[in-house]
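So you can see what is in the structure, the chains are spelled out below.
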Amino acid sequence: MILLQRFWNSTGLVCVLFAHSLCLREGVPAWDGLEPYIPMLLAGAMIGALTSAMLLPWLRMRGIRGAAMRLLPGMFAAFCCICGAYWKQPSLVALGCACASLPLAFFLENIRLSCHMRGYYLGCVLAVVVLGGMLPTVFNLYLDVQIVVLPGLALLFAFSGLCAALTPAYAPEQAEHEYTLDRKLSWETLTYLTSIALVFFLLNAVMDWLFYRMHARDFPIPQEVYLYLWVVYPLVGYWLDRRGTDMRVLLCCLAFVIMAPLVTLPFEGNVVYWLLYALDLSVRAVALLYLQLVFMQLLKTSDLPSGFVLVLPWLCFLCSFTAIRDFLQIFPGIVPFYCLMWVLTASFSFIASRVQYALTLAGTITIASSSEHEAAEDAYPAVALGLFSSKYGISKREQDVLALIIAGNETSEMAQILNISENTVKSHVRQLLRKTGTRNRILLLALFFRESGHGESQGEEMTSAAPATGRESSLPLT
């Protein structure tokens, strides 16, 4: 029964995302006939995704009323798409795309509440979407839009509504008292994560449009680039489930899309150029899955509107693609392009300094399954550590050492837990003392508790109890 429910949920999500992916086919020869509809389809996809977040409480309803609420938008979307194809009206097709997108937040919430391997699940869904969109390109099929594409899209819309109606609504968590972030910190974290997503997808869209879609007219993209690319999504999703949402993954993705224009120019038109294109699309897959998992994890630590948070990564992706498309059409030429790249690259430095802070507050920094983080995760709430680390510029490894110091571990124990040498632990402690301006671990603990809002009395109690434990009673400098 559970497998059947997941099948309906994933199939409905595939239908919605496939309709959205058609908006990204501009400039691809097999989908040339769709280009007059693409601007309106993009608008419909973005409006529908945003509306799905607002309608999520109604879509959650159980019983016949809930099934009807989820079924009717898909049926109406199919009707609008058929009418748009018959009268050749892009606005009606866009209205259908917006209505078909209404269950998007519902499908994503079901994945968040019912799956443990969320990354692999989402990766498989995106793999099906990408493979379906690439098959006409791989086999050189030129589809008639009025006879094949739009009627097929209407069937997808109707089937997505049927899948939404057959999928049961999972009850969201009711333990609001367990949220670790207040409303101000929740919105601050969401703002940082959204900024990170926007900068990445804007940079990626610049690469996609200027360096590949425009050049593909003169240098056709080899079929091999598309044929095997869909495999990346489930592999990346499985890897993220196993290894966790380490911030270095996102920083590497950002660094690649910044450096890729400089690397691709000398290899224009040859096999290295298209290899870099495949890497660029793979990096997009990594970042999209990564951000979706991070936003899902954020809902565990904050009392934010769940529908809005769930659709935000995909909405950022669509908005970035649309913004770069319009920018390059309105401001053609190399000077506007370099100005845009300068602004986005300058934003990277600010974002890089806030990634750890935002991910720690979101509760994703401790997802990693490796045993080296387990003791640090249990030592003290991640929120206090994140705030303290952000203020004093403490790195992730130094944050782990700080958590173990708070727990009262000796240097040898910290070295064993973190699987590093004692000299390395002492080096991290020296860096902690230098960055915080303290002379020993006692003062470091007192500063931490004072900064984290627990008052001086708790810091004094913690530090005065340290000698009684028999662990590093002298608390040396390193």
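This text gives an overview of the structure that appears in the document. Numbering of residues starts from 1 in every chain and runs along the sequence as written. Reporting in this predicted model follows two pLDDT cut-offs: at least 70 for local features of residues, and 80 or more for side-chain atom pairs to be given and counted; totals over whole chains, interfaces and linings ignore these cut-offs and use all residues. Side-chain numbers here rest on the full set of heavy atoms in the structure, without hydrogens or water.

**Describing the packing of aromatic side chains**
Point 1. The aromatic pairing rule takes the rings of Phe, Tyr and Trp, using the six-membered ring of Trp, and pairs them if the centres are within 6.5 Å, calling planes under 30 degrees apart stacked, those over 60 edge-to-face and the rest tilted. Taken as a whole, this structure holds 13 aromatic pairs when the rule is applied.
Point 2. Measuring from ring centre to ring centre gives 6.3 Å for Tyr 120 and Tyr 238, while their planes differ by 80 degrees; the resulting arrangement is edge-to-face. A residue pair is termed long-range when its members are at least 10 positions apart, and Tyr 120 in helix H7 (residues 118-138) and Tyr 238 in helix H11 (residues 232-243) qualify at 118 residues.
Point 3. With a 1.4 Å probe rolled over the protein chains alone, any residue whose accessible area is under 20% of its type maximum counts as buried; one over 50% counts as exposed, and the rest are partly exposed. When its relative accessible area of 43% is taken as the criterion, Tyr 238 is described as partly exposed.
Point 4. Ring plane angle 75 degrees and centroid distance 5.2 Å describe the contact between Phe 388 and Phe 448, whose orientation is recorded as edge-to-face. Taken as a pair, Phe 388 in helix H17 (residues 382-392) and Phe 448 in helix H21 (residues 441-451) lie far apart in primary sequence, 60 residues in all. There is no split in this pair, since Phe 388 and Phe 448 are both buried.
Point 5. Taken together, the ring pairs in this structure connect Phe 200, Phe 201, Trp 314 and Phe 317 into an aromatic cluster. Helix numbers and strand numbers start at the N terminus; a helix is a DSSP run of H or I with at least 4 residues, a strand a run of E with at least 2.

**Some details on H11**
Point 1. What a helix should span is 1.5 Å times the count of its residues minus one. When the terminal C-alpha atoms of H11 are compared, their 16 Å separation across twelve residues agrees well with the 16 Å that a helix rising 1.5 Å per residue should span.
Point 2. Burial in H11 covers these residues: Tyr 233, Pro 234, Val 236, Gly 237 and Leu 240. Seen end-on, H11 carries its buried residues on one side only, within an arc spanning 165 degrees. In H11, those exposed residues whose orientation departs by more than 90 degrees from the buried face are Leu 235, Arg 242 and Arg 243.
Point 3. Close packing links the buried residues of H11 with H7 and helix H13 (271-301).
Point 4. A positive backbone phi angle near 90 degrees is found at Gly 244, which sits one or two residues after H11. Directions are taken from the helix axis to each C-beta atom, and the arc is the one they span. In what follows, residue pairs with any heavy atoms lying within 4.5 Å of each other are defined as contacts.

**What about the pattern of salt bridges?**
Pairing is possible between side chains that carry opposite charge, provided their charged atoms lie close to one another.
Point 1. The working definition used for a salt bridge is a side-chain nitrogen of Lys or Arg within 4 Å of a carboxyl oxygen of Asp or Glu. Using the criterion set out here, one finds six salt bridges in the structure.
Point 2. Between Asp 303 and Arg 183 there is a salt bridge, with its nearest N and O atoms 3.9 Å apart. Residue Asp 303 is located in the loop between H13 and helix H14 (306-330), and its partner Arg 183 is located in helix H9 (residues 183-213); the two are separated by 120 residues in the primary sequence.
Point 3. Using a relative accessible area of 34% as the deciding quantity, one classes Asp 303 as partly exposed.
Point 4. Asp 208 is paired through a salt bridge with Arg 284; the nearest N and O atoms lie 2.5 Å apart. Here Asp 208, found in helix H9, pairs with Arg 284, found in helix H13; they are 76 residues apart in sequence, far enough to count as distant. Each of the two residues, Asp 208 as well as Arg 284, counts as buried.
Point 5. Members of the salt-bridge network, linked through shared partners, are Glu 26, Arg 325 and Asp 326.

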